[in-house]
Amino acid sequence: MRIQKAMLVFRKDWRELRRNWQVTLPIFIMPFMFSALLPSLVVLIRAVAFVPGAPLGGLATVVKNLPSQAQNELAGLTDQQALFYVVSIYFFAPIFLIIPLMASSVIASDSFAGEKERRTIEALLATPISDSELFLGKILVSFIPSMIVTVASFLIYSTVVDVFSRTIFNGRLLLPNVIWIILIFGLAPTVALAGIGLTIIISARVKGFREAQQISVILLIPILILVFGQVSGAIIFGPEVVAALIGAFVGVDLLIFRIGVRLFRRDEVLSKLA
Amino acid sequence: MVRKVSIVSAVQAAGLTKRFGSLTAVDHLSFEIREGEVFGLLGPNGAGKTTTIRMLACLISPSEGSASVGGYDTSKDSLKVREIVGILTENPSLYEKLTVYENMDFFAEAYGLSDAQERSSRIRELLEFFRLRDRKNEKVAKLSKGMKQKLAIARAIVHNPPILFLDEPTTGLDPESAKGIRDLIEGLSAQEKRTILLCTHRLEDAEKLCNRMMIVNKGKSVIVGTAEQLRSTIDSAPLLRVVLKGMNQRIIEAVRGVRHVRDVNVENSASNLIVTVDDLAAATPEVVRNVVQAGGEVLSVNPIQPSLEEAYLKLVKAE
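Residues numbered from 1 in each chain as written. Chains lettered and ligands numbered in written order. Predicted model: local features only at pLDDT ≥ 70, side-chain atom pairs only at ≥ 80, totals over all residues. Heavy atoms only, no water.

Participant: What is the right way to look at the nonpolar core in this model?
Facilitator: For soluble globular proteins, the rule of thumb is that nonpolar side chains tend to be buried together. Core analysis: the biggest nonpolar cluster contains 122 residues, and Trp 180, Leu 183 and Leu 187 of chain A together with Phe 165 of chain B have the highest contact counts within it. Excluding residues that lie within four positions of it along the chain, Leu 187 of chain A makes contacts with Leu 97, Ile 182, Phe 237, Val 242, Leu 245, Ile 246 and Phe 249 of chain A. (Core = buried A, V, L, I, M, F, W, Y, C linked by side-chain atoms within 4.5 Å. Buried < 20%, exposed > 50% of the residue type's maximum accessible area, 1.4 Å probe, protein only. Contact = heavy atoms within 4.5 Å.)

Spelled out as structure tokens, the structure:
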């Protein structure tokens, strides 16, 4: 596989993407809502405006199931501090896995389906770029912007959390911490790659962008299971869990890439021209 | 079917077949295209022309049969085939949000022009040739249909391919642009000796440009040959057009009296006679003599050949 050919496809798509605000706008708006508005309005403000003596509600289970190291971190904290700590550090962690998936879903859905709709696919497939180079190029153009958005969202989220934590924890800044750094730079990329790979496989096999996007929404289900698992206390994003998930997703990514290249057939792509 | 032995084959197809479910789009096509030849693929819509080009360009694989392009097997060396082939697809297939230059630059690099300076000089040369240099920084979306077609052809030859597959290059163009494209194809063939497979349903293009052509219908080959050979398949009596300065009944009767003349008709212009004969060589001098003897003045005498269109329609209908 020639990496420069994959990078060529990436550069071409990236140029096109930058000039298409209908695609780029949702990519930036949705993560901003997840990283700044949602935590500020729904959860963190509630934690800041904490009424002493109020029950922890559903979060009590999360607190109870936290790893022992995290339980130690909560020792000596007031109820308000504990609530804020759990919500900001643990509750939002899996939600950040949705951001790269959402950001990449629009671009990945458009990868081949969009080229079919715009009738540019035939000339692209006629070039001496191999299937794996084409597939990797399309992955990169979804992966790189989605990771930029994810890291940017993480920076915004860290700022929002730290603004509140300075008040609640008397000047202490909670983020970034080690788990979140591993989550953002280790788990989020591997989860994103799996989602992107599957979406691109779908995009190559359907007629249009909308169809690809509708089907790719299904990919959010496993991540939503992690979110609900976290909320219910069944899964806690401690270091061991995050490390195990990274390992599992690396395997899944490699498998998806191999399957994707094997399933990629120019016949199939051209037969689905809109 | 007319068959000729080729000296060097640039493209060879043997029993090429493509099925889409129960539909057989291309049905056991066998043909060869010689190096430097312009070979036409003619046929009505849905005849299987585009599918044939797609198989030869390794865009789709055949259900049966085999093909070689430039000596490379299309099923085993698809990357090599794509490297030596330039293709103009049915529609321009250009990136509308990219500029003219960016489109050319992407495809030039994709086709292996990795040196930036070499790429830039080749693109400049082509844009100059196609009179697109002034538009190089404009987005493709802003170009006219004719300009897009020119750009798509420029893209097809950006890597100097020895073999070109052109799918309906003049469709949808105004007469001036269509002529420009035809001149270009003529130039690519005559001056640059490229092998060209021209897929068209415009008989005018085929007649002007192709050394040989194949008519396909419902995926099957109907005939392969030169335009002349295709015309000769029309089994009709030879015709003679006699243009006169004036016309009267005496002249018509005098022509009718010629031994080899079967029928005489007056054309709309009223001073032209269309004479159906048995034998052109024997009838022509006698017709002229009789017209003169009847007091007529002959301006010109020409045999009327059946048009390629007539031959085409007859062959396609016969299938």
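Participant: What is the right way to look at a nonpolar patch on the surface in this model?
Facilitator: All names here are of chain A. Judged by side-chain polarity, Trp 21, Leu 25, Ile 29, Met 30, Phe 32, Met 33, Leu 37, Leu 41 and Ile 156 come together as a nonpolar surface patch covering roughly 850 Å² of accessible area. Broken down by element, the nonpolar patch gets its largest block of residues, eight residues, from helix H2 (residues 21-48). Summarising the element assignment, Leu 37 is placed in helix H2. Judged by relative accessible area, which is 39%, Leu 37 ranks as partly exposed. (Patch = residues over 30% accessible without salt bridge, like charges linked within 9 Å, V, L, I, M, F, W, Y side chains within 5 Å. Areas by Shrake-Rupley, 256 points an atom, 1.4 Å probe, with all protein chains shown as cover. Salt bridge = Lys/Arg side-chain N within 4 Å of Asp/Glu carboxyl O. Helix = DSSP H or I, 4+ residues; strand = E, 2+ residues; numbered from the N terminus.)

Participant: How should I be thinking about the interface of chain B and chain A in this particular structure?
Facilitator: A common way to report how large an interface is uses the accessible area buried once the components associate. Taken together, the contact between chain B and chain A spans 27 residues of the former and 28 residues of the latter. Roughly 2600 Å² of surface becomes buried between chain B and chain A when both sides are summed, with 59% attributable to carbon and sulfur atoms. When the area that chain B buries against chain A is broken down by residue, the three leading residues are Leu 59, Tyr 95 and Lys 97 of chain B, summing to 24%. Here chain B is connected to chain A by five salt bridges. The salt bridge involving Arg 11 of chain A is made with Glu 109 of chain B; its shortest N-O contact spans 3.1 Å. There are 13 residue pairs in polar contact (both at pLDDT 80 or more) connecting chain B and chain A. Of all elements in the fold, only helix H2 (78-84) and helix H3 (100-110) of chain B reach the threshold of two or more residues within the side of chain B that touches chain A. Considering every element that reaches the side of chain B that touches chain A, the biggest residue donor is H3 of chain B, with five residues. The residue makeup of the side of chain B that touches chain A, split by class, is twelve nonpolar, six polar and nine charged. (Buried area = accessible area lost by both parts, 1.4 Å probe. Polar contact = N/O pair within 3.5 Å; in protein donor to acceptor, adjacent residues only side chain to side chain. Nonpolar A, V, L, I, M, F, W, Y, C, P; charged D, E, K, R; others polar.)

Participant: Just to check I follow, could you spell out the domain arrangement of chain B for this structure?
Facilitator: The assigned domain composition of chain B is domain 1 (9-231) and domain 2 (239-303). A separation of 46 Å is found between the C-alpha centroids of domain 1 of chain B and domain 2 of chain B. (Domains from an automatic or database assignment.)

Participant: What should I look at first to understand the pattern of salt bridges in this one?
Facilitator: Pairing between side chains becomes possible if they bear opposite charge and their charged atoms approach one another. All names here are of chain B. Applying the stated criterion across every chain yields a total of 34 salt bridges over all chains. For Arg 19, the salt bridge goes to Glu 64, with nearest N and O atoms at 2.7 Å. Highlighted residues: Arg 19 in strand S1 (residues 9-20) and Glu 64 in strand S4 (residues 64-69), separated in sequence by 45 residues. Since its relative accessible area comes to 35%, Arg 19 is described here as partly exposed.

Participant: Would you explain helix H4 (residues 116-129) of chain B in this entry?
Facilitator: Note that an α-helix has 3.6 residues per turn; residues three or four places apart therefore point the same way. Residue and element names in this part refer to chain B. A rise of 1.5 Å per residue sets the reference length of H4, with its 14 residues, at 20 Å; its end C-alpha atoms lie 20 Å apart and thus fit the reference within 8%. For H4, the complete set of buried residues consists of Arg 119, Arg 122, Ile 123, Leu 126 and Leu 127. The buried side chains of H4 occupy one side of the element, clustering within an arc of 130° when seen end-on. Away from its buried face by more than 90 degrees, H4 exposes Gln 117 and Phe 129. Next to the buried residues of H4 lie H3 and helix H5 (145-156). At the exit of H4 stands Arg 131, carrying a positive phi of roughly 55°. (Expected span 1.5 Å × (residues − 1). Arc of directions from axis to C-beta.)

Participant: Honestly, the packing of aromatic side chains in this entry has me stumped. Any pointers?
Facilitator: The description of an aromatic ring pair uses the distance of the two centres, along with the angle that the planes make with each other. Residues and elements named next belong to chain A. One pass over the structure, following the stated rule, counts 16 aromatic pairs over all chains. Relative to Trp 180, the ring of Tyr 157 has its centre 5.2 Å away and its plane inclined at 25°; by these criteria the two rings are stacked. Linking Tyr 157 in helix H8 (residues 131-168) with Trp 180 in helix H9 (residues 178-205), this pair joins segments that are 23 residues apart in sequence. Trp 180 carries the same exposure label as Tyr 157, and that label is buried. Taken together, the ring pairs connect Phe 92, Phe 96, Phe 154, Tyr 157 and Trp 180 into an aromatic cluster. (Phe/Tyr/Trp six-rings, centres within 6.5 Å; stacked < 30°, edge-to-face > 60°.)

Participant: Please clarify how the sheet that holds strand S10 (residues 220-225) of chain B should be interpreted in this entry.
Facilitator: Working definition: the strands of a sheet are paired by backbone hydrogen bonds and lie parallel or antiparallel to each other. All names here are of chain B. With mixed pairing, six strands are arranged side by side in an open sheet as S6-S7-S8-S3-S9-S10. In the strand order of this sheet, the two ends are held by strand S6 (85-88) and S10, each with one partner. Neighbour-to-neighbour, the strand axes of the sheet open up by a mean angle of 15°, direction not taken into account. As judged from the five bridges shared by strand S3 (residues 38-42) and strand S8 (residues 195-200), these two strands associate in the parallel manner. Paired with Val 38 across the two strands is Ile 196, which belongs to S8. With respect to the sheet, H5 is in contact with S6 and strand S7 (163-167), its orientation differing from that of S6 by roughly 165°. Each of S3, S7 and S8 is contacted by helix H6 (residues 175-190), which is oriented at about 150° to S8, the strand it contacts most. (Pairing = 2+ DSSP bridges. Axes fitted to C-alpha atoms, helices over the stretch in contact; angles between N-to-C directions.)

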